[in-house]
Amino acid sequence: MARQILVDLTPLRVSPKFARLWVGNAIGGIGAQMTIVAVGLQIFDMTGDTFMVGLVGGVALVPMIIAGLWGGMLVDAFDRKAVLMTSAITGWVSVLGLVALSFHDQALIDAGDRAEVWPFYVLTTINSVAATISGTARSAIVPRLLPPELVPRASALNGMAFGTMLTVGPALAGVIAGTIGLPWAFLVDAILFSAAFMGIVGLPKLRPIDTVSRPGWTSLVEGLRFLRFAPNIRTSFIVDIIAMSFGRPYALLPAVGAVVIGGAEITVGLLTAAGAIGTLLASLLSGYVKSVRMHGVAIRRAIMFYGGFVGMFGAVILVTQWLGATSTSSTLTGVNWIAFALAAVAMAGMGASDDVSAIFRSSMMLVATPDSMRGRMQGVFTVVVTGGPRVGDIYVGILAAWLGLWSPMLLGGILIVGLVAVIARNGSSISRYDVDHPLP
């Protein structure tokens, strides 16, 4: 019975190469999630402005879109191991730069001054570009290491790893930032990042199986033409863009911790970790994945649940402010624990439902796409899952400044449920997708 409920570990047993890649990515990803939280805390500490925090994603958006599309072409045309190694080294160097910048800012604080903000945006953008290409290559490698029937189970394992990253990384970043200082959070990331190379080094050469166009306009057009006649994959991208554009609470968390719930950096880390715990539990209890055939239906239901939890998070902020129960305490003793508990439940629900959606969306894309197109489709997929949240950060920053902290999530939840219900309605192509007969 436990085997039917718990995540299936078969991919790790069948492929040692996949196992090493998975472990290395999980450890390195903990550090990466620490940096995502630390950058937000660093910029909020320097500016006190939620919009400036949201701008981190906005500045990186266009470079990430270009990197996703170009990276996908590189992955299809060249050795996937070489592409992954090069992008990983670039990401590691950018983290080392953030370590130096944060320690520099700390030294200036002691002298009564602050560092410039713009270098943080530059290095964070480089890091995001490298992560986009790495994610594209890493995902496109998985079907070359495992048989098709194990790809959905590998997606569930990747979700569990991601949940672990999101659980440990942000909580650790919040604790380190709130106790010994932000620079040390960046330094721990730089150390953990090196574990990612463990899984990459052990990979075999993964050259293209078929003849593929060199990166450029022709290759891009071929990929977009394939997507044009792949309604299931295309719709899965669209519904995820909707969810991530209108349902990303993370840029709000520094302000929520500072002026609504209380607890400052520690609360930010704990709320982020609550979302990750939801992701982790959803993957840990994903034994059902191998028995689900209608992946499109599962995607629709998961994203609509996600929208419901997004709206709940916004409602918690609204009611807390309306009742005048807000807290500006920077310590745990001053936290509004009722508001925190409800917000944590909403975050956990978002994490769990998004993970279920991601498992089936990723499996659909990898199984239904031919190997010669996997890099380019994974590039678009990576642009969607990384670019959508950046659009969401801008949306959050603008609407929060205009209507208040409650508005982005409450209104966003309503939009997500309504739009996805229409786009992925019963009878649509994606609602008929059957994993036993995978059609893109």
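Let me sum up the structure you'll find in this document.

Thresholds, definitions, all that
- Residues numbered from 1 in each chain as written.
- Predicted model: local features only at pLDDT ≥ 70, side-chain atom pairs only at ≥ 80, totals over all residues.
- Heavy atoms only, no water.
- Helix = DSSP H or I, 4+ residues; strand = E, 2+ residues; numbered from the N terminus.
- Rg over C-alpha atoms; globule rule 2.2 N^0.38 Å.
- Buried < 20%, exposed > 50% of the residue type's maximum accessible area, 1.4 Å probe, protein only.
- Areas by Shrake-Rupley, 256 points an atom, 1.4 Å probe, with all protein chains shown as cover.
- Core = buried A, V, L, I, M, F, W, Y, C linked by side-chain atoms within 4.5 Å.
- Contact = heavy atoms within 4.5 Å.
- Salt bridge = Lys/Arg side-chain N within 4 Å of Asp/Glu carboxyl O.
- Axes fitted to C-alpha atoms, helices over the stretch in contact; angles between N-to-C directions.
- Parallel < 35°, antiparallel > 145°, perpendicular 65-115°, else oblique.

Brief notes about the overall build of the chain
Counting its secondary structure elements, the chain contains 17 helices and zero strands. Taken against the 2.2 N^0.38 rule, which gives 22 Å for 440 residues, the C-alpha radius of gyration of the chain at 21 Å falls within 12% of a compact globule. Along the longest, intermediate and shortest principal axes, the C-alpha atoms of the chain span 60 × 45 × 45 Å. Buried residues in the chain amount to 57% of all 440 residues. Summing over all exposed atoms, the chain offers an accessible surface of approximately 17400 Å²; the carbon and sulfur share of this is 70%.

Looking at the nonpolar core
The biggest cluster of nonpolar side chains holds 104 residues, and the ones touching the most others in it are F18, I43, I261 and F313. No other element matches helix α15 (residues 337–368), which puts twelve residues into this core. Setting aside anything within four residues of it in sequence, one finds F313 in contact with P249, L253, A343, A346, M347, M350 and M409. By size, the runner-up hydrophobic cluster in this structure holds 13 residues, among which are L227, I233, F237 and V380.

With respect to the environment of I359
Position of I359 relative to the elements: it lies in helix α15. Its relative accessible area of 1% is what places I359 among the buried residues. Sequence separation of I359 and M347 is twelve residues, and the distance between their C-alpha atoms is 18 Å. Those residues within four positions of I359 in sequence are excluded, and the remaining contacts are P152, S155, A156, S283, S286 and V289.

Thoughts on the pattern of salt bridges
If you walk through the whole model with that rule in mind, you get four salt bridges. Between R80 and D76 there is a salt bridge; the shortest N-O distance is 3.5 Å. Accessibility assignment for this pair places R80 and D76 in one class, buried. Here R361 makes a salt bridge to D240, at a shortest N to O gap of 3.1 Å.

Quick notes on the packing of helix α11 (residues 231–246) against helix α14 (residues 295–322)
Contact geometry of α11 with α14 gives a least axis separation of 11 Å together with a crossing angle of 10°. Taken together, α11 and α14 sit at an angle that is classed as roughly parallel. Each of V239, D240, A243, M244 and F246 in α11 lies in contact with α14, whose residues at this interface are I299, I303, Y306 and V310.

Read these as layout, nothing more, since geometry by itself doesn't imply function.
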